[in-house]
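One letter stands for each residue in the lines below.
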Amino acid sequence: MSEIIPIGPYHPLQEEPEFFRLHVEGERVIKMDIEIGYNHRGIEKLAESKSWDQVVFLVERICGICSTSHPAASINAMEDLGGIEAPERAQYIRTIVCELERIHSHLLWLGLAGHFIGYNTVWMWVWKYREIICDILDKMTGNRQSYAMFKVGGVRRDILDEDIPWFLKMLDKFKPALDLFKGAVMDDPVIHARTKGVGVLTTEQAKKYCVVGPTARPSGVAIDVRKDDPYFAYEWLDWDMVVLQEGDVFAKVACRILEMYESMKILEQCFKKMKPGIVDLHVKELPPGEGIGRAEAPRGEVYHYVRSDGSNFPVRYKVRAPSYMNIFSNEVAVLGEQVADAALILAAVDPCYCCTERIIAIDHDTNEEKKLSSSDLLRLSHEKTIRVKKELGIS
Amino acid sequence: MGIKLKALTKSPWVYHLSTGSCNNCDIEILDCLTPRYDLERFGIVLVGSPRHADALLVTGNMTMKCIPRAKEVYEQMPKPGVVIAIGTCALGHGVFDGSYVMPKTVDEVIPVDIYIPGCPPKPEGIIAGVAKLLAMLKQKA
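Residues numbered from 1 in each chain as written. Chains lettered and ligands numbered in written order. Predicted model: local features only at pLDDT ≥ 70, side-chain atom pairs only at ≥ 80, totals over all residues. Heavy atoms only, no water.

### Some remarks on the sheet that holds strand β1 (residues 13–18) of chain B
Residues and elements named next belong to chain B. Put simply, the rule reads: Any two strands between which DSSP finds at least two bridges are classified as paired. Helix and strand definitions follow DSSP, with helices as H or I runs of at least four residues and strands as E runs of at least two, each counted in order from the N terminus.
A sheet is described by the order of its strands in space; here five strands give the open sequence β2-β1-β3-β4-β5, paired in parallel fashion. Two strands close off the open sheet at either side, each with one partner strand: β2 (45–46) and β5 (114–116). Sheet topology note: the β1/β2 ladder contains two bridges and is parallel. Counterpart to V14 in the pairing with β2 is L46.

And the structure:
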């Protein structure tokens, strides 16, 4: 006997609308359908009506969380098209903004993951310390999100030298918080019980589904655009790619936490190595031709393609975002798992649909649709945490 | 209606409805509930169902696929309820103006009580907007 549980399109788990249909047999998930498209905004078509400068602002609003990765890939594509090399200082500034964004995105996800398993304390703590990163970005770029820092041939704002000690002080303040999260997640027996061996994505499956970023690296696939095809200042810096082998939800959490340490390393080096100089080449026009740009977003590889006929507007603009590959790996990761774990597994790839959703359950015998709202799913997940705690003898 | 409106100003529960937003405003709304801003001090709670909500926080562009669903969510909300449009996209279409999937703005689909501009509005801005709305409701009640 199997049932279908619909998740979405409006559901408090994710901020964005998307729709999952889980086919369940008792407590086990046997199949999953995915429906996306609630957030389709026609950005590729719109980009054709925007000038080169405006395109960067437009792609920034593809996703508010990766609001620096899309412009990064976009200017990489345009600089590839024009054969432009941005000044060194601009490259460092770009790298700093990218890494700050990575930390803020991973923190955001860690907080939500804590919320899904019923640890609201983790959520509140993590988001409290995330404010430090937001403050740094606010002072550096003038906005907490959507930084509008990048432009072809440089950056829009320079980082003032007198601000750098303040940035470093704030990062120092953030470090103990990072250790706290690492301890809280890595040593907690309940989190181990809820995430270890859950939602496993094997190396073969990861390769077959072409997943990228922190969904692929915990499954033993060593891909990272920052290493494979270095852009900005990454090739001048010393840092390591985090690759884990287990592929379960725990590995995905651990991978993100360890990546934040790498980001901290990168940030400190950038502030140290940055030399005075110009930050903008004032590029006036782009030649006809094609360009591709890649960037490593917090969720994986972002790919942008651009074609120009020499006018002020792109003739064709193409975007491939990382979640597009990652979401479909849920199809295998969720199979055979309990419904109570589904919410966590779906969230573990850090999906970004730029929309919201809920879940539906269908009874295969009676073909009856049983509606479970996201709050029901959260409740199931929270109940399981309480059960696990009891089994472990923790109150 | 008076007493109902008065009750609404005490501890408004909010439901967050994203109609094709880029997540920025959604993050800032969640941010309002976390320790630095901590809206729960004032009894404002984010709920999981529109049926429990006193206020809808609408973010995003109102894409075609979202229009019927947004209407349905609005109808599920008990009345009197208020609708708060957050972010430039929900006010007009912002940078997405002219897109083929956005025939209507949010206020053409559901009635909006208050607009909070910004891309995204800062948490302080959202809180200021909600406070103004509550003051307005108190006067009416």
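### A look at the environment of W52(A)
Residues and elements named next belong to chain A. As a reminder of what qualifies: Contacts are residue-level and defined by heavy atoms, with any inter-residue pair within 4.5 Å sufficient. Whenever two N or O atoms come within 3.5 Å, that pair is a polar contact, provided that in protein one can donate a hydrogen and the other can accept it, and provided that, for residues adjacent in sequence, both atoms are side-chain atoms.
Mapped onto the elements of the fold, W52 is located in helix α2 (residues 52–60). Sequence-wise, W52 and I278 are 226 residues apart; in three dimensions their C-alpha atoms are separated by 21 Å. For W52, the contacting residues outside a window of four places in its chain are M78, L81, L286, V306, R307, S308, S311, N312, F313 and P314. Here S311 takes part through its backbone oxygen, which lies 3.1 Å from a polar atom of the side chain of W52.

### Overview of the domain arrangement of chain A
The extent of an interface is frequently quoted as the accessible surface area lost upon association of the parts. All names here are of chain A. For the record, the criterion: For the purposes of this description, domain bounds are those given by an automatic or database domain assignment. Buried area: the accessible surface (1.4 Å probe) lost by two parts on joining, summed over both. The working definition used for a salt bridge is a side-chain nitrogen of Lys or Arg within 4 Å of a carboxyl oxygen of Asp or Glu.
For chain A, the domain assignment lists domain 1 (3–39 + 332–392) and domain 2 (43–320). In this assembly, 25 residues from domain 1 lie in contact with 29 residues from domain 2. In total, about 2300 Å² of surface goes out of reach between domain 1 and domain 2, with carbon and sulfur atoms giving 65% of it. Linking domain 1 with domain 2 are zero salt bridges, by the criterion used here. Our count for the contact surface shared by domain 1 and domain 2 stands at zero residue pairs in polar contact (both at pLDDT 80 or more).

### Considerations on the sheet that holds strand β7 (residues 300–308) of chain A
Residues and elements named next belong to chain A. This is how the line gets drawn: Axis definition: a line fitted to C-alpha atoms, limited for helices to the stretch in contact. Angles are taken between N-to-C directions and run from 0 to 180 degrees.
Pairing is antiparallel across the open sheet formed by three strands, whose spatial order is β6-β7-β8. Both edges of this open sheet fall to β6 (289–297) and β8 (314–320), since each of them pairs with a single strand only. Within this sheet the neighbouring strands show an average axis-to-axis angle of 15°, counted without direction. In the sheet, β6 pairs with β7 via nine bridges, with the strands oriented antiparallel. The partner of G289 across the bridge, within β7, is S308.

### Examining the packing of aromatic side chains
Here the distance between the centres and the angle between the planes together describe a pair of aromatic rings. Residues and elements named next belong to chain A. Applicable threshold: Put simply, two rings from Phe, Tyr or Trp (the six-membered ring, in Trp's case) pair if the centres are within 6.5 Å, and we call them stacked under 30 degrees between planes, edge-to-face over 60, tilted for the rest. Relative accessibility under 20% of the residue-type maximum defines a buried residue, over 50% an exposed one, and the middle range a partly exposed one, all with a 1.4 Å probe and only protein chains included.
One pass over the full model with this rule turns up nine aromatic pairs over all chains. Here W123 and W127 contribute two aromatic rings whose centre-to-centre distance is 6.4 Å and whose plane-to-plane angle is 80°, an arrangement assigned as edge-to-face. Pair noted here: W123 and W127 are both in helix α5 (residues 120–141), with a separation of four residues, about one helical turn. You'll find W123 and W127 in the same group, each marked buried. Ring centres 5.8 Å apart and planes at 65° place the aromatic pair W166 and F167 in the edge-to-face group. Classification of W166 by relative accessible area gives partly exposed; the value is 28%. F167 sits in the buried class, given a relative accessible area of 1%.

### What to know about the side chain of R226(A)
All names here are of chain A. Within the fold, R226 resides in helix α9 (residues 225–228). Here E99 takes part through its side chain, which lies 3.3 Å from a polar atom of the side chain of R226. Engagement of the side chain of R226 in a polar contact is seen with the side chain of D224, the distance being 2.9 Å.

### A closer look at the interface of chain B and chain A
Operational definition: Here the term charged refers only to Asp, Glu, Lys and Arg, the term nonpolar to Ala, Val, Leu, Ile, Met, Phe, Trp, Tyr, Cys and Pro, and the term polar to all other amino acids, Gly among them.
Taken residue by residue, the interface counts 39 residues in chain B and 45 residues in chain A. Scanning the region where chain B abuts chain A turns up ten residue pairs in polar contact (both at pLDDT 80 or more). Counting residues per element, the ones that place at least two in the side of chain B that touches chain A are β1, α2 (24–33) and α3 (67–76) of chain B. Sorting elements by how many residues they give to the side of chain B that touches chain A places α2(B) first, with seven residues. When its residues are assigned to classes, the side of chain B that touches chain A shows 18 nonpolar, 13 polar and eight charged.

### Here we look at α3(B)
Residue and element names in this part refer to chain B. Threshold: Taking the helix axis as origin, the arc is that swept by the directions to the C-beta atoms.
Within α3 the residues assigned to the buried category are I67, A70, V73 and Y74. Considered in projection along α3, the buried side chains sweep an arc of 125° and stay on one side of the axis. Against the buried residues of α3 lie β1, β3 (55–59), β4 (82–86) and α5 (106–109).

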